[in-house]
Amino acid sequence: MKKNTLGYQGKLSREDFENILRKTKEFRNFDKWKIKTLNIGEMTHTYILQKGKKKYFSKEVKLHEAQVNYFLYKLKLRHLPYSLFPKLLKKGILIMPNIDGKMLRKKQLDINLLKDFIKFQNKMNNRAYFEKHNTTKLNNYSQSEDGFFAKNLYDNFKECKKNLLKLKKKYKLKIIQDFLELLNLISINKEGIIKDFVSMPFTRQHHDFREDNIIVNNGGQFLIDWGSSYGYGPFMYDYAEFLVDNQKALNIVINKSKICKNICLITIERWLYVSLIAKMLNMLRWYIQKGHHNIETKKNVKKLLEHEYKTYKVLLKLKDI
């Protein structure tokens, strides 16, 4: 196996970034491009590049994000934007069309985006396809649990309860108590939930499939920012929250996903609900932790938790969690 030589991710200077682009025909006259710096994400170099009618989003990417973006380039799925200059991915730079629009504000997933994402998952579960197009040589193809997801979910049960109890001391809000009661109900069968979650089939994950990473415009919905896509994980985790109140979307997953072939409906529904629980715990652990902007004010906490509870309260109706 060839030794990976990608040493640019997370290490580029502005001069490095520009010099790499200048070696590409499109950006040979780089001084004629307007550059707008975007202060988003963890990477230093995130820009909008514009010259006349041409407008690109550019970003320095780490190795795992370069990997998944190369796969997206090969697949060319309309609602999963992909690199226009795939050779630059090997040097740690993503250039893709700039997508104007607004972030999704409701958990209402466009059917065409869902279909494209299922196509992506189906392809990425083909080992031969993965090996053929894995130009970065990252060995993260996995179809089974190695202990990581079980430990992470177990930790999330513990940490999100701590977060809620701290918030309860700071803010007197009914919605915090509502989540605590829901968490207590779920925790009764914690071991069973963890077991069922990690035993479902694995697929390549976006792993940050949420409203803030879905851009909406007249062309539909577009899933962006694959910076958390380190590898594979439990099948329904990514989009569970978008399926619980949308039977049409769930039917598409059942009919289009190769994983669901010959699997009974009861099992698929169980996968859905344990994935929904995992997504809720992830939200309660990371989005209301100490120091997060979501908890700076009582108003922010109330807005976030009431919005999320509209989705997760469905768990109260289950006879057997």
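For the structure itself, consult the block above.
Within any chain, residue numbers begin from 1 and follow the written order of that chain's sequence. Two thresholds apply to this predicted model, a pLDDT of at least 70 for residue-level local features and 80 or more for giving and counting side-chain atom pairs, whereas whole-chain, interface and lining totals are computed over all residues. The basis for the side-chain values is all heavy atoms of the structure; hydrogens and waters are excluded.

### Observations concerning the overall build of the protein
For the protein, the count of helices and strands is 10 helices and nine strands. Its C-alpha atoms give the protein a radius of gyration of 21 Å, near enough to 20 Å, the size a compact globule of 321 residues would have. Once the C-alpha set of the protein is aligned to its principal axes, its extents read approximately 65 × 50 × 40 Å. Exposed residues in this analysis have more than 50% of their type's maximum accessible area, buried residues have under 20%, and partly exposed residues fall in between, with area computed by a 1.4 Å probe over protein chains only. Looking at the protein as a whole, 51% of its 321 residues are labelled buried. Computed by Shrake-Rupley with a 1.4 Å probe, the accessible areas treat only the displayed protein chains as cover when residues are assessed. For the protein, the exposed surface amounts to about 17100 Å²; the carbon and sulfur share of it is 50%. Under the scheme used here, helices are H or I runs from DSSP no shorter than 4 residues and strands are E runs no shorter than 2 residues, and both carry numbers assigned from the N terminus. Based on C-alpha atoms, the radius of gyration is set beside the globule rule, defined as 2.2 Å times the residue count to the power 0.38.

### Observations concerning the sheet that holds strand β4 (residues 93-97)
The four strands are arranged β1-β2-β3-β4 in an open sheet whose pairing can be described as antiparallel. Either end of the sheet is taken by a strand with one partner, and the two such strands are β1 (34-37) and β4. The average angle at which neighbouring strand axes cross in this sheet is 25°, direction not considered. Any two strands are treated as partners once DSSP identifies two or more bridges connecting them. Where β1 meets strand β2 (residues 46-51), four bridges bridge the pair, whose relative direction is antiparallel. By the bridge assignment, I35 is partnered in β2 with L49. Seen against the sheet, helix α1 (residues 14-22) touches β1, β2, β3 (54-60) and β4 and runs at an angle of roughly 60° to β4. Working convention: axes come from line fits to C-alpha atoms, limited for helices to the stretch in contact. Angles between N-to-C directions cover 0 to 180 degrees. A contact between two residues is defined here by any heavy atoms of the two lying within 4.5 Å.

### Quick word on the nonpolar core
In plain words, nonpolar cores are sets of buried Ala, Val, Leu, Ile, Met, Phe, Trp, Tyr and Cys residues tied together by side-chain atoms within 4.5 Å. Counting residues in each nonpolar core, the largest one holds 80 residues, and the members touching the most others are F120, I176, F179, M236 and Y239. It is helix α9 (residues 265-286) that provides the largest number of residues to this core, a total of 12 residues. Other than its neighbours up to four places away in sequence, M236 contacts M200, L243, L250, V253, I268, W271, L272 and S275. One finds W33, Y47, L88 and I93 within the second-largest nonpolar core, a separate group that totals 14 residues.

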